[in-house]
Amino acid sequence: MSDFLQRFGRVWLGMVERLGRATLFLAQLVGGVFSLIKRPSLLWKQLHASGVMTLSIVLVSGLFVGMVLALQAFNTLIDFGQENRVGSLVALTLVRELGPVVTGLLFAGRAGSAMTAEIGLMKATEQLSGLEMMAVDPFKRVFAPRFLAGVIALPMLAAMFSAIGVLGGHLIGVEVLGVDKGAYWSLMQNSVSFTSDVCNGLIKGLVFGFVVSWIAIFEGADCIPTSEGVSSATTRTVVYSSLAILGLDFLLTAVMF
Amino acid sequence: MNSRAIEILVGLFMLLFLAAMFILSMKVSNLTSLTSTQGYTLIAKFENVGGLKERASVAASGVRVGEVTNIAYDPETFEASVTLSIDESYASFPMDTTASIYTAGLLGEQYIGLDPGAEDDVLQDSDEITLTQSAIVLERLIGQVLFSRSGGS
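Residues numbered from 1 in each chain as written. Chains lettered and ligands numbered in written order. Predicted model: local features only at pLDDT ≥ 70, side-chain atom pairs only at ≥ 80, totals over all residues.

S.K.: I'd love a proper account of the overall build of chain A, names of residues and values included.
M.R.: Counting its regular elements, chain A contains eight helices and zero strands. Written out in order from the N terminus, the α and β elements of chain A read α-α-α-α-α-α-α-α. Oriented by its inertia axes, the alpha-carbon framework of chain A measures out at about 65 × 55 × 30 Å. The buried share of chain A, taken over its 257 residues, is 46%. If you take every contact in chain A between residues at least 6 apart in sequence, the share linking residues at least 24 apart comes to 88%. (Helix = DSSP H or I, 4+ residues; strand = E, 2+ residues; numbered from the N terminus. Buried ≥ 20, exposed ≤ 12 C-beta atoms within 10 Å, placed from the backbone. Contact = placed C-beta atoms within 7 Å.)

Here you go:
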């Protein structure tokens, strides 16, 4: 019995200890961001690796999500004679919720796991220790560029996801299903507010980018430096990032809307 | 990949983001109406505003000329006091203009319609529209129909 309690306590204390380590790591990360002004080429390279490389999956997913939303919305709204509101529904769903959340999940799966694997492998092959030996701060050189790139890229990708989703909704709603084109766009414009919908969606993207990048880089830097350790760190990144995104989305929606 | 190609791709990424933001702000949301010209305010008091909401449109002859900026309850006159913001280019409403609450379509959202009168004096900023017509409340309408039917038979 006491054995069980000991193990239970140790697991929870281990989690709390890890969370504390992660928070101290975040403080050093944010400190390292300021030195990026002197060396912006590091940031461009990471923006390319996280942002540009995730572009294809975000755009294709956005298109299909928009098309599916329009299809489902039409099937339900036509019962009430309100099929003209397809545009409104598609735009609000994408801009407020699906844009940031789905983009966050895709980003965590593609760019987040890549960051974790790369940093974990650097740790396993002792490159990070090598950098420290040369008096190069790995936070400034390796971690901070990836962190800032994630924070910047995710809201941008979320905006692109929402925009192409709305266009995909137009494609299905207006061209295929026969919703009136003028009604699609004008009803949408009347119901989507720039400040409270589009900007809140961007804020969500910013928060998700912060959290996903933090988790990805921390898991990579904190992993056990073996191949098994790197692989379990990568899966942990995706799982924790996804849970964090969904939990934070609920909190942010409750606060904002 | 050399750094020049990387920079070009990141630049294209930024351009794509700007295009997406342009689509989202101009085509999807109502940003264009937010940047419209300044307006002047008018007050109208109604017995019942029905389902009128803030940012509902104010129309004259069916054309949108402004929006509702505030709906408040006046505890002294026991009426609802609605503040309208009218576009400055439409500054020639006579003093006996009627403000009525109409519904767009059968079950759509409600808006305020302005019917101009015949006086020479023109409504200025912060003037009150004295002639108003409240929204039609469905329950009262049904009550009137039932009352008139039972009275007849």
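S.K.: If you had to explain the overall build of chain B to someone new, which residues and values would you point to?
M.R.: Across its full length, chain B carries three helices and eight strands. Put simply, chain B runs from its N terminus to its C terminus through helices and strands in the order α-α-β-β-β-β-β-β-β-β-α. The C-alpha atoms of chain B give 23 Å as radius of gyration, which overshoots the globular expectation for 153 residues (15 Å, by more than 25%). Considering chain B as a whole, with its 153 residues, one finds that 21% of them fall into the buried category. Look at the contacts in chain B between residues 6 or more apart in sequence, and 61% of them connect residues 24 or more apart. (Rg over C-alpha atoms; globule rule 2.2 N^0.38 Å.)

S.K.: Account for the sheet that holds strand β8 (residues 131–133) of chain B, with residues named and values stated.
M.R.: Residues and elements named next belong to chain B. Strand order in the open sheet formed by eight strands is β7-β1-β4-β3-β2-β6-β5-β8, with mixed pairing between adjacent strands. Only two strands of the sheet have a single partner each, and these edge strands are β7 (127–129) and β8. If you compare each strand with its neighbour and ignore which way they point, the axes differ by 30° on average. (Pairing = 2+ DSSP bridges. Axes fitted to C-alpha atoms, helices over the stretch in contact; angles between N-to-C directions.)

S.K.: Summarise the interface of chain A and chain B; cite the residues concerned and give the values.
M.R.: The interface is formed by 25 residues belonging to chain A together with 19 residues belonging to chain B. Of all the secondary structure elements, the ones that give two or more residues to the side of chain A that touches chain B are α2 (40–77), α3 (86–124), α5 (138–176), α6 (181–191) and α7 (194–221) of chain A. By residue number, the principal contributor to the side of chain A that touches chain B is α2 of chain A, which donates eight residues. When its residues are assigned to classes, the side of chain A that touches chain B shows 16 nonpolar, seven polar and two charged. (Nonpolar A, V, L, I, M, F, W, Y, C, P; charged D, E, K, R; others polar.)

S.K.: Can you tell me about the packing of α5 of chain A against α7 of chain A, naming the residues and giving the values?
M.R.: Residues and elements named next belong to chain A. Where α5 contacts α7, the axes come no closer than 8 Å and their chain directions differ by 145°. Both α5 and α7 take part in a crossing whose hand is right-handed. Touching F143, R146, F147, G150, V151, A153, L154, P155, A158, A159 and S162 of α5 are G201, L202, G205, L206, F208, G209, F210, V212, S213, W214, I217 and A221, all from α7. Looking at the contact of α5 with α7, its residues break down into 16 nonpolar, six polar and one charged. (Left-handed = near helix turned anticlockwise from the far one by under 90°.)

S.K.: Now, about the confidence of the model for chain B: what can you tell me, with residues and values included?
M.R.: Residue and element names in this part refer to chain B. On average, residues of chain B score 84 in pLDDT, and 91% of them reach the 70 mark or higher. Of all helices and strands in chain B, the one with the weakest mean pLDDT is helix α2 (residues 31–34) (60), whereas strand β6 (residues 110–115) scores best (90). The ipTM for the predicted assembly is 0.81, set against a pTM of 0.81. (pLDDT = per-residue confidence, 0-100.)

S.K.: An account of α7 of chain A is requested, with residue identities and associated values reported.
M.R.: Residue and element names in this part refer to chain A. Here α7 contains 28 residues, and its C-alpha end-to-end distance of 39 Å stays within 8% of the 40 Å for a straight helix at 1.5 Å per residue. Helix geometry: α7 is bent most strongly at N200, by close to 25°. Of all 28 residues in α7, 21 are buried, a share of seventy percent or more. (Expected span 1.5 Å × (residues − 1). Bend = angle between axes of the 7 residues up to and from the residue.)

S.K.: How would you summarise the domain arrangement of chain B if you had to cite specific residues and measurements?
M.R.: What the domain assignment lists for chain B is domain 1 (1–35) and domain 2 (37–139). Put simply, the middle of domain 1 of chain B and the middle of domain 2 of chain B, counted by C-alpha atoms, are 39 Å apart. (Domains from an automatic or database assignment.)

S.K.: Describe the packing of α3 of chain A against helix α8 (residues 227–256) of chain A, and please don't skip the residues or the numbers.
M.R.: Residues and elements named next belong to chain A. At a minimum axis distance of 8 Å, the contact between α3 and α8 shows a crossing angle of 150°. It follows that α3 is roughly antiparallel to α8 by the angle criterion. Both α3 and α8 take part in a crossing whose hand is right-handed. Taking contact as the criterion, the partners of V101, G104, L105, A108, G109, G112, S113, T116, A117, G120, L121 and A124 in α3 are, on α8, G229, V230, A233, T234, T237, V238, S241, S242, I245 and D249. (Parallel < 35°, antiparallel > 145°, perpendicular 65-115°, else oblique.)

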